[in-house]
Amino acid sequence: MKIGSVLENQKTEKRISITPEIAKKYKSIGLEIYLPKNYGAHLGISDEEYVNLGVKFCDDEKEVINLSNIVVQLGLLSDDKSSLLKEDQTLIGVLNPYDNKKKLDELTKKKIKLFSLELLPRITRAQSMDILSSQANLAGYKAVIESFANFEKAIPMMMTAAGTIPAAKVLVVGAGVAGLQAIATAKRMGGIVFATDVRMASKEQVESLGGKFLTVEGSENLETEGGYAKEASDDFKKKQEELLSETLKKIDIVICTALIPGKKAPVIIKEDMINNMQAGSVIYDLAAIQGGNTAFTKADEIIENNGVKIIGESNILNKLPVSASSLYAKNMFNFIENLFDKENKKLNINLEDEIIEKTLIK
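A brief report on the enclosed structure follows. (Residues numbered from 1 in each chain as written. Predicted model: local features only at pLDDT ≥ 70, side-chain atom pairs only at ≥ 80, totals over all residues. Heavy atoms only, no water.)

It is worth spelling out the overall build of the protein chain at this point. Within the protein chain one finds 12 helices and 17 strands. For 362 residues, the compact-globule estimate of 2.2 N^0.38 gives 21 Å, and the C-alpha radius of gyration of the protein chain, at 22 Å, lies within 12% of that figure. With respect to the principal axes defined by its C-alpha atoms, the protein chain has extents near 65 × 45 × 35 Å. By the burial criterion, 51% of the 362 residues in the protein chain qualify as buried. Within the protein chain, residue pairs in contact and separated by at least 24 positions form 62% of the contacts whose partners lie at least 6 positions apart. Accessible surface for the protein chain amounts to roughly 16,900 Å². Of this, 50% is attributable to carbon and sulfur atoms. (Helix = DSSP H or I, 4+ residues; strand = E, 2+ residues; numbered from the N terminus. Rg over C-alpha atoms; globule rule 2.2 N^0.38 Å. Buried < 20%, exposed > 50% of the residue type's maximum accessible area, 1.4 Å probe, protein only. Contact = heavy atoms within 4.5 Å. Areas by Shrake-Rupley, 256 points an atom, 1.4 Å probe, with all protein chains shown as cover.)

Written out as structure tokens, the structure is:
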């Protein structure tokens, strides 16, 4: 059985789905690997590294897709590449079924098997495959580094003969995986860290990392069974706004991470809140690709309002593509290993397995 991958659109996505380390693992379970030439060159990975592990290279991406039984990607293939997929081929990636429903429906009609990894259930057995967590972890870390680089003051408290520089105050909005890593990173770098989340269960995690949890009454009701945040009521939003409005007047750096799967990101930081922030403050919005958590966020732009910088990036992981590719490729391998029948050298789509059943697009 053959597995292959082609490059994503390099303008928007630098990550790759098969690293040399993971190519070795695919070979160990009996899969042949096909890649286009210069697949990892932009990340400093030569074709020779892959060839030494038994990977076969094709002259073009069309050939890779034609030869592969399983195609692994970061996102949905572009229309011209998707049209090359044939019956009984399998495409695995982050296919975003909420936005790509029509395209995915067309592919399923062609009897192409589709698995979307952001639909993985939150169960212990799926943790090693959890692409959302592995990528969000890196995004939370990098958001802090980027926001600190744009903040024109020192972060830790510094006591000198010339006087004392106070520590920067950091607020993390949303204490999921990205938020918790942001809290840990900001704390390690000397910031005083606050955090808020609609899920009361986050309080203990925030405090264990040295952050102060800002509690809004009613938080305990806003967590789904799968562990994600759900949309807040109007009453909750009003209370949250009042708390944030007062807190933001004293905050230097804000990291926004609040997302609702399949929906536009909630606008948590309103225009009047930003107008009351101190000039020189920085907001880094990881939710920019889904509209942003602030009233001013624009993807891939730095907006300055009333002396406050609002930074929105559509794909912050393009700034950590080597680390992000390494983790994503491992997640992907663990998913395929669970799906692959090594004895019969074929995919075993066992719908009694919750991992397979939840990720298969029907």
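Let us look at helix 11 (residues 321-339). End to end, helix 11 covers 26 Å across 19 residues, agreeing with the expected 27 Å (1.5 Å per residue, within 8%). Restricting attention to buried positions, one finds in helix 11 the residues Pro321, Ala324, Ser325, Ser326, Tyr328, Ala329, Asn331, Met332, Phe333, Phe335, Ile336 and Leu339. (Expected span 1.5 Å × (residues − 1).)

Our focus in this paragraph is the nonpolar core. Among the nonpolar cores identified, the biggest contains 38 residues, and Tyr26, Ile92, Phe335 and Ile336 are the most heavily contacted of them. At the level of secondary structure, the elements contributing two or more residues to this core comprise helix 1 (20-28), strand 2 (32-36), strand 4 (70-72), helix 11 and helix 12 (354-359). The dominant element in this core, judged by the number of residues it contributes, is helix 11, at seven residues. Ile92 has contacts with Ile70, Val71, Val72, Gln73, Phe115, Leu117, Met332, Phe335, Ile336 and Leu339, leaving out every residue within four places of it along the chain. In this structure, Ala143, Ala168, Ile183 and Val282 belong to the second largest nonpolar core, which totals 31 residues. (Core = buried A, V, L, I, M, F, W, Y, C linked by side-chain atoms within 4.5 Å.)

With the rule as written, the count across this model stands at 20 salt bridges. Between Lys103 and Asp79 there is a salt bridge, and its shortest N-O distance comes to 3.3 Å. With a gap of 24 residues between them, Lys103 in helix 5 (residues 101-109) and Asp79 in helix 4 (residues 79-82) connect regions that are remote in the sequence. A salt bridge links Asp88 to Lys113; the nearest nitrogen and oxygen atoms lie 3.5 Å apart. (Salt bridge = Lys/Arg side-chain N within 4 Å of Asp/Glu carboxyl O.)

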